[in-house]
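# Commentary on secondary and tertiary structure
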Amino acid sequence: MFKQIFLFELKLWFKKPATYIFFLVFFLFSMLLTSAIAGILGGATSDSNTTINSANAIAGILNGLNTDLIGAIILITIMAPAVYKDFQYNMHPLIFTKPITKFGYMFGRFSAAFLVALFVLTGTVFGHMITCALPGIEAERLGAFSIMNYLEPFLYFVVPNTLLVGAIFFSFVIFSRNMIAGYVGCVALILIKGITTSLLGDLDNKTVAALFEPFGELAFNDVTEYWSPAEQNSLSIPLSGVLLFNRLLWLGIGVGITFYTYYRFKFSQFNEPVSFFKRKNKKEMLSIASVPVHSLADMPKVKQVFSASYSWTQVWFLAKFEFNKIVKSIFFLIVVALSILTLAAVTTQLGLIYGTSTYPVTYQILQIGGATFQFFMIILIVFYSGIMVWRERDAKVDELVGTAPLAPWVLFLSKFIALVLIQVVLLFVIMITGMVIQMYNDYYNVELMQYLKELFGFKLIGLVLICSLSMAIQVIINNKYVGYFVAVLILILLPVAFNLLEWNNQLAQFNSSGPRLPYSDMNGYGHTIFSFMIFKTYWVGFCGILLVISNLLWVRGKEKGFKARLKIAKTLFNAKAKMGLAAFILIFLSAGSFIYYNTNVLNKNVSSKKQEESQAEFEKKYKHLSKTQQPRIVAANWNVDIFPYERGAKLKGYYILKNKSNRNVDSVILNMLQDVDIKEFKFERGATRVIDDKENGFYVYKLSSALKPGDSIKLDIGLEYFPKGFKNSDPGTAIVYNGTFFNSMILPSLGYNDQVELSEEAARKKYGLGKKERMANVKDSLARMNTYISSDADWINFECVVSTSADQIAIAPGYLQKEWEQDGRKYFHYKMDCKILNFYSFLSADYQVKKDKWKSSLPDGKEVAIEIYYQKGHEYNIDRMIKGIKRSLDYYTKNFSPYQHRQVRILEFPRYATFAQSFPNTIPFSEGIGFIAKVDDTDPESIDYPFYVTAHEVAHQWWAHQVIGGNVQGSTLMAETMSQYSALMVMEKEFGKQAMKKFLKYEMNQYLQGRAREGKKERPLMLVENQQYIHYNKGSIVMYALKDYIGEDSLNAALAKYVKAVAYQEPPYTNSIEFINYLKAVTPDSLKYIITDMFETITLYENKVSKCSYSKTKEGKYLVKISIDTKKMKADSIGKLKDVMPNDWIDIGVFGTKEINGKKTETELYLAKRKIDKNKMDIELIVDEEPVKCGIDPYNKLIDRTPDNNTKAFKGGGKESTGSGNGENVTITIGG
Amino acid sequence: MQLKITDLSKTYSNGLKALNNINLEINSGMFGLLGPNGAGKSSLMRTISTLQEADSGSIMLDDLNMLTQKDEVRKILGYLPQDFGFYPKVSAWDMINHFAILKGIADAKERKEICEALLNQTNLWEARKRNIGDYSGGMRQRFGIAQALLGNPKLVIVDEPTAGLDPMERNRFHNLLSEIGENIIVILSTHIVEDVRNLCSNMAIMNQGQVLLYGKPAQTIDDMKGMIWSKLIDKEQLEEHRKNFRVISTKVVEGKIQIHVYHTSQPDSSFAAVTADLEDVYFATITK
């Protein structure tokens, strides 16, 4: 019986074209994705160390394609109808009464559908295989072909996931006899995935999230995220640990659901569906209406109204009817409840940075709500549009309704309105839920207007457009499932495909919004509302056309053929319809051409490929000028007029250029952004422009008389920038209504700029350019003639007058000399009293200012003014920042050198970027990284990152603004790593050692993830090539460990010496070799190896406690026995590991617990560095109190990819160690 | 008022000729359209009801072109399709009100009155709060006629309304149909001869997309007088009889088979004369 049904179903499926179409979709999409990863699509070229056909890479592609909606939706169309078709066509009474077995029916159907689904999904596998055989893929991107690389991910992910999703659809539909139940199941899975993914914001949740994410993607990430490129290319997927548990759990759930369904399934019962609400027996009211008449001619006479206005009444009535049908269904309620739960769950992880969340400000809630609901609302729209369009036909009431005297547009329009109303309800749910969440978190600044604007302004338009498209598809295609498929294709797959192909023209991306700015408390929605409206108008035109056409093609009656429908449509295409269509076409075309004019005529829309080409061309054309001797900027003086509301600026000023070389300078090369209008480049003694390349922003001036060594010349500069219209996608955030921030990088620079050159090796090869190292060798003496941030200046004098609108404050480095108002504008004159790097910024916003003072406790008693410029309403963390500045000044002046300025200013800028940047006495600080942080002072583990970021940026006033390395490898070690170290020390003083643990855990995680993604070469810290994961994250860990090994005082003494030696130096600039030598000088010989391990090489450890036990001694003390495993490895630039013998001093620790203030707190019972020179060692030691936990390197000072197994809790207590009879183990006894 | 169908033809995309040059004139009163399953009755009904297109020909209701002026047709049409359902989980009262609004009965009071009257008339008043999904077949059909009668239609089309009803319900349904006024056109399609005999003043018999016979039931019976002969035979003899005579119907009576034969005179003495009834006319027509 099973066999017959199974084979019958299978045959049926393989006769359907849909099966092959689905297969083809997966096949093509897999090809597309793989080609994009392989870099043969013709977009931007980037370097990578990983092959595209390793098990790891294939798992990534298969997961990406299957676990998302795409997979889910195709699975629905295969799995759900497997049973639903019997109900749909009312076959179930016939089938369920046939002498078939339950087993045969259920498993026959299920297995066939499951198999077909798997067949369809193999499309990804074959698509990948074929792509790998295509020409044009770099040889190093292809590993050896191995069938296991495909089998493993297919068996671990595709098969169980298909089973899970399939079982859910199958059984939900079988129990409810309703397709929507299947969709609800799908939504639930996707929401669980969303929730678990959001949990990742806090590292402590990593394992939980990995375990419970239904598709195993997070679990897969969890086991592979620290794999170096070499490991990614060679290792197979380990089915162990959290991945194994995750797979077993969800496979179990899938199988469980299947068998539960099997046992609960009874043919008889399923003549009636399971009802969630038992229907109450309605009492039938016996009331007498009229007495039956004998002839219907005696019926009451009624008047029928066929006016247009009554048609609108009918539209509204039908819309209400349709709306009620949906929102009053149990499934809708379940879906809404699920989404509320999700939102509540996701917002607990609000904007986590270092595990610390932000206040639930409205824009955060809306952003998360929007992101969470985005996909989910699209599916709802797609599904409900199908249900609505087919409602009459599914209920077989179509002929009754079709013959009713309705105007031809009434039914379609009413359904469309109902669908839109449902979106309104969902948005309303988001709003209310968001507000409740805010209040639940004791946050009462509920910005109702922002909710309304965001949800019912911006969001709703987009949803209405999606509703139109998806309704139109259902009507035009006239097949529910094909309609679903096409809708998903257009709404979900197409954007991904466009993205992969880098077709970024927003005119072609359905429902595009043009350039967008996120909401900012400072700048609101900014200047993009206008372009947003234009783009939406364009799409309204498009959807209007679709709506008119689909209304004409609406099936009313029994004609199904497209030809017949077209014929009927022709008769309906009356003057009004023609006018409507013409109006929408007009809107579509005029908005479209206006957009085209703005994005492609007024502005350029350059693809990344074009961009690459012009970069290559630039290099070929001008590289020969790179050796042309250039003068250096020694002073900059600017008059900057910022016009926030026109989003423009006029800059007038001058550079003093000095010939610091011993050769004559006869020409000057100037670089200037293409967008900026150059009003004037005027050299004091005259010059002629010999190269005028506006395309590349490259200008060469031949000086009338050569500049002799030691001579100076003044260069007058006039610039103007006002945006022309709007661009395709870049909103431009430098000058905005409130919160302007731009720095000197956009001002004219001197000399051939090799930063413009293509940096990706693959790209350079493509354009026939020679090899180029990411950074010059650490010893490159020529490169050391420049700092790593500027190639045309050393130390400069700086002065400026900045003006802005009357309601704003404008700021630049230097001290305020004068402030005045003139012609309704405010002017500020700033002057710096010491030499600074050629690196400064201009800001303007409507600021609140909080002022404070720091007084040095050192003998000089220096005073420093502190000013925080912030957005009104962002008072939360101002005091933390002020405290951060004070503690930093305390520590740095005491340990490094005096502070060179008299003032520290922090200036908030909109969250279009999320960083803080240190300029002389001036620190622009993004509103997104600290101003709304919600630091929990009661939790010692909660990281006060506003304090940390402040400490880091203040440290840059030393590490960058006093000490700056040459433009070579390793220089960010002395800037970023040292700022991290400085901030760590300030934090440790303020919050204690315990607080550092969590911070360093995040740093470790970031470093290990970062090196896994390295596309070029991982460098040792000393040779870091501006790699953030190295100079920030690894830097933190290394410097914290170094301090631990050689002591804070001697380390700081070395640093102070170094600062003294190199601060404000003229070229050649210092490098990391010099720096390391200062460190070596204070490191005892026995520890010299750590400098090699930490700075000069890439060293990893695999430390772990394998066994531990303790027993009570006669003296009432505790004898602790610990067995440890140590593995020490050296990695090369792509992470190939080589084991080395440990001969290291490593922390051994034993911990107990104590009640402090009613809280169980961990206490150190023992902590000391022991010499570890074997891979396995047993250690015995005696502690005074009862131990709870012990560990090797318990504070994770060393780099270790499995830090969690460094410590181990004792099981039970007082038991003898369970045999340490391993012959090679060495026992050391400590203490007594 | 007269419905005039001229040279109406329709061929489905699969090649099936559903309507083959139909010509009919239908006047006020009840008109029966008789034919076996698949005769093209429903296609004709749907074409008249604006739900289907015709390939050629015309349908005129007085001056109203029913094939092109669909909006106008719908204003005066009451239609009960052969196979229909209702929205799940909607009560009869809500449903009839729903249809009343669709039919353009704008005045709330009038709407209430007509809905009440129709539910009463169809004997569904007491069950008005039940979901239509829970109705029995007969109740559904009665509800169907109630909705078809909303808004004083001038043309009522009922397609196989009594199929599957028990005799009681069928009677009730017939009573209901018979109440429909004489001054509107009612087209009743059915494959049950009795329905037509009981209700219709005019009729047509259709098969394979063609109108085979058109006239008043009594007249057609009259025309058949003396041409129907009956005989009781054994099962084994049936084949032979079919070969020799035009057997129009067979019926099992007490283990034997009673056959009716169409013959202009008595075929032989074993045949007995029977008074032709409409059934004989029907069978004689469709077995031609």
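### Looking at the overall build of chain A
- Check the secondary structure of chain A and you find 33 helices and 30 strands.
- Its C-alpha atoms give chain A a radius of gyration of 35 Å, near enough to 33 Å, the size a compact globule of 1232 residues would have.
- Taking the principal axes of the C-alpha coordinates as reference, chain A spans close to 115 × 90 × 60 Å.
- A total of 1232 residues make up chain A; the buried ones form 46% of that total.
- A sequence separation of at least 24 residues applies to 75% of the contacts in chain A between residues at least 6 apart.

### Quick word on the packing of helix α16 (residues 362-394) of chain A against helix α19 (residues 448-477) of chain A
Residues and elements named next belong to chain A.
- Direction vectors running N to C along α16 and α19 enclose 25°, while the axes themselves pass 9 Å from each other. Considering their axes alone, α16 and α19 lie roughly parallel with respect to each other. Between α16 and α19 lies a crossing whose hand is right-handed. Mapping the contact onto sequence places T362, Y363, L366, G370, M377, I378, I381, V382, S385, G386 and V389 in α16 and Q450, Y451, E454, K459, L463, I466, C467, S470, M471, Q474 and V475 in α19.
- Its residues placed into classes, the contact of α16 with α19 shows 13 nonpolar, 7 polar and 2 charged.

### A few points about the interface of chain A and chain B
- Each partner contributes residues to the interface: chain A has 43 residues there, and chain B has 47 residues.
- Those elements giving two or more residues to the side of chain A that touches chain B turn out to be α14 (308-327), α17 (398-402) and α22 (562-572) of chain A.
- Looking at the side of chain A that touches chain B residue by residue, the classes come out as 24 nonpolar, 10 polar and 9 charged.

### Considering the sheet that holds strand β14 (residues 272-273) of chain B
Residues and elements named next belong to chain B.
- As summarised here, the arrangement of the 4 strands in space is β12-β13-β11-β14, forming an open sheet in which the pairing is antiparallel. A strand with exactly one partner marks an edge of an open sheet, and here the two such strands are β12 (246-253) and β14.
- Pairing geometry for strand β11 (residues 228-233) and β14, over 2 bridges, is antiparallel. What sits directly across from S230, in β14, is A272.

### A look at the confidence of the model for chain A
Residues and elements named next belong to chain A.
- Scored by pLDDT, chain A comes out at a mean of 89, with 94% of its residues at no less than 70.
- Here residues 276-290 is a poorly scored stretch, pLDDT under 50, and it has 13 contacts once near neighbours within four places are set aside; other chains count.
- In the predicted structure, residues 1214-1232 sits below a pLDDT of 50 and forms 34 contacts with residues beyond four places in sequence or in another chain.

### Observations concerning the environment of N743 of chain A
Residues and elements named next belong to chain A.
- Tracing the sequence through the fold places N743 in strand β8 (residues 740-743).
- Between the C-alpha atom of N743 and that of K1154, which follows or precedes it by 411 residues, the distance is 52 Å.
- Each residue touching N743, except ones within four places of it in the same chain, is listed here: Y840 and S841.

### What to know about the nonpolar core
- By size, the foremost hydrophobic cluster in this structure holds 403 residues, and its most contacted members are I381 and V802 of chain A together with F31, V186 and L188 of chain B.
- Top contributing element to this core by residue count: α16 of chain A, with 17 residues.
- Setting aside chain neighbours within four positions, we find I381 of chain A in contact with L419, L463, I466, C467 and S470 of chain A.

### Comments concerning the domain arrangement of chain B
Residue and element names in this part refer to chain B.
- Along its sequence, chain B is organised into domain 1 (2-216) and domain 2 (222-286).
- In this structure, domain 1 and domain 2 have C-alpha centres spaced 34 Å apart.
- Of the residues lining the interface, 9 residues belong to domain 1; the matching set on domain 2 comes to 5 residues.
- Put simply, the parts of the chain that give the side of domain 1 that touches domain 2 at least two residues each are α7 (193-199), β9 (202-207) and β10 (210-215).
- It is α7 that provides the largest number of residues to the side of domain 1 that touches domain 2, a total of 3 residues.

### Some thoughts on the sheet that holds strand β3 (residues 665-671) of chain A
Residue and element names in this part refer to chain A.
- Spatial strand order, β5-β6-β3-β9: 4 strands in an open sheet with antiparallel pairing. The two strands at the open ends of the sheet, each matched to only one other strand, are β5 (687-693) and β9 (749-750).
- The sheet contact formed by β5 and strand β6 (residues 698-707) spans 6 bridges and is antiparallel. If you follow R689 over to β6, its bridge partner there is Y701.

### Quick word on the domain arrangement of chain A
- Structurally, chain A comprises domain 1 (2-271), domain 2 (307-514 + 534-602), domain 3 (627-751 + 790-959), domain 4 (960-1096) and domain 5 (1098-1232).
- Summarising the inter-unit geometry, the C-alpha centres of domain 2 of chain A and domain 5 of chain A are found 60 Å apart.

### Re the environment of K610 of chain A
All names here are of chain A.
- Within the secondary structure, K610 is located in helix α24 (residues 608-622).
- What makes K610 exposed here is the crowd of 11 C-beta atoms within 10 Å.
- As a C-alpha pair, K610 and I678 span 68 residues in sequence and 24 Å in three-dimensional space.

### Things to note about the environment of S590 of chain A
- Structurally, the position occupied by S590 of chain A is in helix α23 (residues 575-602).
- For S590 of chain A, a count of 14 C-beta atoms within 10 Å gives the class partly exposed.

### Here's the deal with helix α10 (residues 278-286) of chain B
- Burial runs high along α10 of chain B: 7 of the 9 residues are buried.
- Restricting attention to buried positions, one finds in α10 of chain B the residues L278, D280, V281, Y282, F283, A284 and T285 of chain B.

### Brief notes about the pairing of strand β26 (residues 1159-1172) of chain A
Residues and elements named next belong to chain A.
- As paired strands, strand β25 (residues 1144-1156) and β26 are joined by 13 bridges and run antiparallel to one another. Each residue of the ladder has a partner; that of E1155, found in β26, is K1160.
- The antiparallel pairing of β25 with β26 creates a hairpin that spans 2 residues between the two strands, and N1157 there sits at a positive phi of about 50°.

### Some details on unusual backbone geometry
Residue and element names in this part refer to chain A.
- The linkage connecting P1067 with the following residue, P1068, adopts the cis geometry, with an omega of -5°.
- We note that R647 has phi near 55°; this positive angle belongs to a residue other than glycine.
- Within the secondary structure layout, R647 lies in the loop between β1 (632-643) and β2 (648-658).
- We classify R647 as partly exposed; it has 19 C-beta atoms within 10 Å.

### Digging into helix α2 (residues 17-38) of chain A
- The terminal C-alpha atoms of α2 of chain A, which comprises 22 residues, lie 31 Å apart, in line with the 32 Å expected from a rise of 1.5 Å per residue.
- A positive backbone phi angle near 80° is found at G39 of chain A, which sits one or two residues after α2 of chain A.

### Some details on the confidence of the model for chain B
All names here are of chain B.
- Per-residue pLDDT for chain B averages 90, and the proportion of residues at 70 or more is 100%.
- Taking the mean pLDDT of every element in chain B, the minimum, 82, falls on helix α6 (residues 167-179) and the maximum, 95, on helix α3 (residues 92-102).
- Model confidence for the complex: the whole-complex pTM is 0.88, and ipTM, which rates the interface, is 0.93.

About the criteria used
- Residues numbered from 1 in each chain as written.
- Chains lettered and ligands numbered in written order.
- Predicted model: local features only at pLDDT ≥ 70, side-chain atom pairs only at ≥ 80, totals over all residues.
- Helix = DSSP H or I, 4+ residues; strand = E, 2+ residues; numbered from the N terminus.
- Rg over C-alpha atoms; globule rule 2.2 N^0.38 Å.
- Buried ≥ 20, exposed ≤ 12 C-beta atoms within 10 Å, placed from the backbone.
- Contact = placed C-beta atoms within 7 Å.
- Axes fitted to C-alpha atoms, helices over the stretch in contact; angles between N-to-C directions.
- Parallel < 35°, antiparallel > 145°, perpendicular 65-115°, else oblique.
- Left-handed = near helix turned anticlockwise from the far one by under 90°.
- Nonpolar A, V, L, I, M, F, W, Y, C, P; charged D, E, K, R; others polar.
- Pairing = 2+ DSSP bridges.
- pLDDT = per-residue confidence, 0-100.
- Core = buried A, V, L, I, M, F, W, Y, C linked by C-beta atoms within 7 Å.
- Domains from an automatic or database assignment.
- Expected span 1.5 Å × (residues − 1).

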